[in-house]
Every structure is written in C-alpha cells, then in structure tokens.
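Architecture at a glance
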Amino acid sequence: MSAKFRLSFMMFLQYAVWGSWYPGLSEYLINTLGFTGAQVGAIYATLPFATAIAPFIGGQFADRYFATQYVIAFLHLAGGAFLIFVSRVTDYTTMMWLMFLYCMLFAPTLALTNSIALVNLDNPEKDFGRIRVWGTLGWIAAGIGLSAWRIGANKILGASVAGDTLLMAGVLSFVMGLQALTLPHTPPKKEASNPWAFVESFKMLKDKNFAILIVIAFIVSTELMFYYVLTGPFLVSDRIGVSTSNMTTVMVIAQLAEIFVMAFALPYFMPKYGIRKTMVFGILAWPVRYIIFAIGYPAWLVIASLALHGFCYVFFFTAIQVYVDKVAPPDTRASAQSFIAIVTLGLGNFLGSLFTGWIRDYFTADNVTNWTGVFLVPTVLTIICAFALIVFFKDDNKQSAVTQ
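Residues numbered from 1 in each chain as written. Predicted model: local features only at pLDDT ≥ 70, side-chain atom pairs only at ≥ 80, totals over all residues. Heavy atoms only, no water.

Counting secondary structure elements, the protein contains 15 helices and two strands. For the protein, buried positions account for 60% of its 404 residues. Sequence separation of 24 or more characterises 85% of the internal contacts of the protein that already satisfy a separation of 6 or more. In the structure as shown, the protein presents an accessible area of about 15,500 Å², 69% of it carried by carbon and sulfur atoms. (Helix = DSSP H or I, 4+ residues; strand = E, 2+ residues; numbered from the N terminus. Buried < 20%, exposed > 50% of the residue type's maximum accessible area, 1.4 Å probe, protein only. Contact = heavy atoms within 4.5 Å. Areas by Shrake-Rupley, 256 points an atom, 1.4 Å probe, with all protein chains shown as cover.)

Structure below.
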C-alpha cells in the first residue's frame, strides 16, 4: 500500500474515533444522565485541558525518542480500553476523571497524526488537504454509523444502548492502534541540537506574525466550543425540532461540506492566494454561521448553515497547521504541531468549554434556553477576531522557517 493510502486511512480512523463520541456526548449527558450545562462543559473541558498538557509530551517522544507511528499506536490501544470502561459509567465525578485520563492519551494523537502526514508528503501544501479530508470522512462515517446503530437498537431492543457513543469510539480506537503500526516509519531527527524539542517550538513566538496568529487562533478556538457542545442540544430543541435519533446524521452536513472544502477548495485556494487570504476567508465564515444560529429560523436555514463549518474549520485551522509546518524548524515539527494544538485544542477549547457551559446556563431558565442570547456571544467575539486577523496578521508566506 502507498504511503498516501496508509496516511489517509490513519486520518479516517483518527477522526472516526473522535466523531463517535464528541458530537453526541452532550445530548446523552444532558437528556439521559441529567447533567447540568456546567457539568457537561466540565466534561468537554477534559479534552482541551489534556491537550494543554499531553501534546508536548507526545511531541517530545516523537521528536527525540521513539518513531512517531509507535507512539500513536500505544496511545490509541490504551485509549480504547478507557473508552469502553467509561461507557458504563453514569456518575458525574467518576466520568469526569476517567474522561480526563482518556483524553490525556488521545490529545497527543491530534498533533502527531498531522505531523506524521506532513513529514511524509512531498508537497504538503497541495496534498495535506487531500489526506486530511479522510478524517472528515471518518467523522461522517461515525455519525451515520451511530444513527444507524440507534435506529436498529430501537427496533430490536426497544431502546438505545446507554453510552453507545463511547463504546463505538473505544472499538474504533483499538482498530486505530493496530493500523498505526502500518504507517511509514518516522524516527526522531538525528540532527536535533536541543534535547528538549518543545523548548525550541516556543522560540517561534519571536516572530511577530506567528505570535499574532497564535493569539487570534486561541480566541477563535474558545468560540469553536459553542458549535461542538451546543449544536446537538440546539438542533433537538423545540426551536429546531430535529429528532434525537437523526441528530448526528443531520450534523454530518458540516462534515460533507468539510470534504468539499478540504479536498477541492483548499488545494486550489491556498496555492493560488496564499495562507493569509485563506485564513481571512475562513474566519469570516464564523460570525455568519453564529448569526444564523442566533436568529434561529427558519429551521432549514439553520440546518443548511451547518455547511459553513467546512470553511470555518478548514480555511482557518487546517491552514494554520500547514503554516506551522512551513515555518517550524525540521527537528521540532512534531512539537510545533503540538504547540498549536495546545493553544487551540488545549487552552482555547478548555476555557471555551467552561465558558460555553456557563453561557448556556446563564441564558437558561425553567429548563428553557434562550438560544438567541447564547449564540450572540460567539457572533460578537468572532467578528472581533476576523477584524484582528485582517488588520494585524501580515505574513507574506515567503519565509520557510522562523529565525531561531
């Protein structure tokens, strides 16, 4: 099998694992287990909190000690065991701590899968999007598979299986761990001058444009959690009226759009217009989506606006990953990807999860949520971020590495 095929399959499984539990878990926690918005926000915060800690460790091992594919394999095999166990837990405190331990294993793989793909591609700017799109397909497959499973379980058993989102993710994590052993051999760089790779990645902040981009990415990533945490409950609310069984399938619209953007729009747009214009176009899609959510009608427009997620995520966050690979020194690329993951998927999403849960509770009274008030908050903040990116980020895409 070719390296591109193996890397594509890796992305498919990586995001199938994540897509099995992440979109639908909040609905399960709120409507089945009866957790509050703050409790759900805290559980969702375990992944970004782990991402603020664990990726530096994973990047350090991959950059200095072990081949990247072996690190990925170990993390997913251990993570699968955790997920299957957590799927049977119903107590809030126990679940929160176990999810934190699982996320400490999963978080490093988000950066390491990007790193191993970028390192093994001859033309990352052109080919990475076409590899990464298989991650979106994996997320879609997980959503459709979960809906199909629930429909079948309701017909055969008369009810859904509790914790099925976590159970499916655990099984897929085992498969991912085994598949990682087939990835291209990617040993640490022998010419590394500093044994602490993550220290070298911090030096990238000396570049003004990189530092500005990091700040903007951090703020945008906090607002991403309004989409991840609250879209499911918003869709099944009386205001939109999507059924619980069909919720994950409806949310697949976002990933279908992401496929188009990742496979076709990004490979065309980025080489032609550069990374800066790509990110500007992507960040402008954020407030448009949240404005539609805030208005909340007609329902078909809200559902259709899920397609904007393709431009929101790919043209901004995926473009940042390509940018980091271009500017990072070769012997710290895994740690550099880990650094951006820590800032966005880690610190940003952690604070965003808590903030999202708090905003949801603030605008909820007598179990009725004022969704307009909820989504006006990320609307305003993403407009500010779009303005800041346009005005202050001036990267001309000419440098190949940040000066050390």
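Here the narrative resumes, following the displayed structure.
In a soluble, globular protein the nonpolar side chains are often hidden away together inside. One finds Trp18, Trp21, Phe316 and Phe375 to be the most contacted residues of the largest nonpolar core, which totals 130 residues. The element best represented in this core is helix α11 (residues 247–295), accounting for 23 residues. Setting aside its immediate chain neighbours within four residues, Phe316 contacts Ile216, Ala217, Val220, Met279, Ile283, Trp286, Phe311 and Leu389. (Core = buried A, V, L, I, M, F, W, Y, C linked by side-chain atoms within 4.5 Å.)

The subject of this paragraph is the confidence of the model for the protein. Confidence in the prediction for the protein averages 84 pLDDT; 90% of positions are at 70 or higher. Considering each helix and strand of the protein separately, the mean pLDDT is smallest for helix α9 (residues 197–202), with a value of 63, and largest for helix α15 (residues 371–392), with 95. Here residues 397–404 is a poorly scored stretch, pLDDT under 50, and it has 17 contacts once near neighbours within four places are set aside; other chains count. (pLDDT = per-residue confidence, 0-100.)

Once that is clear, we can look at the packing of aromatic side chains. In the structure shown here, the tally under the stated rule is 40 aromatic pairs. Ring plane angle 70° and centroid distance 5.4 Å describe the contact between Phe311 and Phe315, whose orientation is recorded as edge-to-face. With Phe311 and Phe315 both in helix α13 (residues 309–327) and four residues apart, this pair spans about one turn of that helix. The buried category is assigned to Phe315, whose relative accessible area is 1%. With a centroid separation of 5.1 Å and 85° between ring planes, the pair formed by Tyr362 and Phe363 is classed as edge-to-face. Ring-pair connections join several aromatic residues into one group, and the members of that group are Tyr15, Trp18, Trp21, Tyr22, Tyr44, Tyr102, Phe106, Trp139, Tyr227 and Tyr228. In this structure, Arg132 packs its charged tip against the face of Tyr15, placed 3.9 Å from the ring centre. Taking NZ or CZ as reference, Arg289 lies 5.1 Å from the ring centre of Trp286, over its face. (Phe/Tyr/Trp six-rings, centres within 6.5 Å; stacked < 30°, edge-to-face > 60°. Lys NZ or Arg CZ within 6 Å of the ring centre and 35° of its normal.)

Let's shift gears to the layout of surface pockets. Size it by volume and the largest pocket reaches roughly 310 Å³. Ile30, Asn31, Phe35, Pro233, Val236, Ser237, Asp238, Arg239, Arg360, Asn367, Thr369 and Trp371 together form the lining of the largest pocket. Taken together, the elements giving at least two residues each to the lining of the largest pocket come down to α1 (3–31) and α10 (208–236). Grouping the amino acids of the lining of the largest pocket by side-chain chemistry returns five nonpolar, four polar and three charged. (1 Å grid on protein atoms, 1.4 Å probe; cavity = no way out; pocket = protein on both sides within 12 Å on 5 of 7 lines; lining within 4 Å. Points joined across faces, edges and corners; volume = space filled by probe spheres on them. Nonpolar A, V, L, I, M, F, W, Y, C, P; charged D, E, K, R; others polar.)

A few words now on empty space enclosed by the protein. For the structure on display, the rule yields five cavities of 30 Å³ or more. Estimates place the volume of the largest cavity at around 120 Å³. What lines the largest cavity is a set of 13 residues, and nearest its centre among them are Gln321, Ile340, Ala341, Thr344 and Leu345. Secondary structure elements with two or more residues in the lining of the largest cavity: α6 (92–119), α13 and α14 (333–362). The dominant element in the lining of the largest cavity, judged by the number of residues it contributes, is α14, at five residues. Residue composition of the lining of the largest cavity, grouped by class: nine nonpolar, four polar and no charged.

Of the consecutive residues Tyr297 and Pro298, the connecting peptide bond is found in the cis state with omega at -5°. You can see Pro298 is positioned in the loop between α11 and α12 (299–304). With a phi close to 55°, Asp366 is a non-glycine residue in the positive phi region. Mapped onto the elements of the fold, Asp366 is located in the loop between β1 (364–365) and β2 (368–369). Residue Asp366 is classed as exposed on the basis of its relative accessible area, which comes to 75%.

Before going further, it helps to spend a moment on the packing of α10 against α13. Between α10 and α13, whose axes approach to 12 Å, the crossing angle comes to 145°. Note on packing geometry: the crossing formed by α10 with α13 is left-handed. Listed contacts from α13 to Asn209, Phe210, Leu213, Ile216, Ala217, Val220, Ser221, Leu224, Tyr227 and Tyr228 of α10 are His309, Tyr313, Phe316, Phe317, Ile320, Tyr323, Val324 and Val327. Tallied by class, residues from the contact of α10 with α13 come to 15 nonpolar, three polar and no charged. (Axes fitted to C-alpha atoms, helices over the stretch in contact; angles between N-to-C directions. Left-handed = near helix turned anticlockwise from the far one by under 90°.)

Side chains that differ in charge, positive against negative, can pair when their charged atoms come close. Counted by the stated rule, this structure contains three salt bridges. Among the ionic pairs, Asp127 bridges to Lys4, the shortest N-O distance being 3.5 Å. A residue pair is termed long-range when its members are at least 10 positions apart, and Asp127 in helix α7 (residues 124–156) and Lys4 in helix α1 qualify at 123 residues. One salt bridge in this structure joins Arg360 and Asp361, with 3.4 Å as the shortest N-O distance. (Salt bridge = Lys/Arg side-chain N within 4 Å of Asp/Glu carboxyl O.)

For the rest of this paragraph, the subject is a nonpolar patch on the surface. Taken together, the side chains of Tyr70, Leu77, Phe174, Leu178 and Leu181 make up a nonpolar region of the molecular surface, amounting to roughly 460 Å² of accessible area. Elements that contribute at least two residues to the nonpolar patch include exactly α5 (68–86) and α8 (164–180). Tracing the chain through its elements places Leu181 in the loop between α8 and α9. With a relative accessible area of 47%, Leu181 lands in the partly exposed category. (Patch = residues over 30% accessible without salt bridge, like charges linked within 9 Å, V, L, I, M, F, W, Y side chains within 5 Å.)

Right, let's get into the environment of Leu137. In this structure, Leu137 sits in helix α7. Between the C-alpha atom of Leu137 and that of Leu256, which follows or precedes it by 119 residues, the distance is 7.8 Å. Residue contacts for Leu137: discarding those within four places in its chain leaves Phe12 and Ile259.

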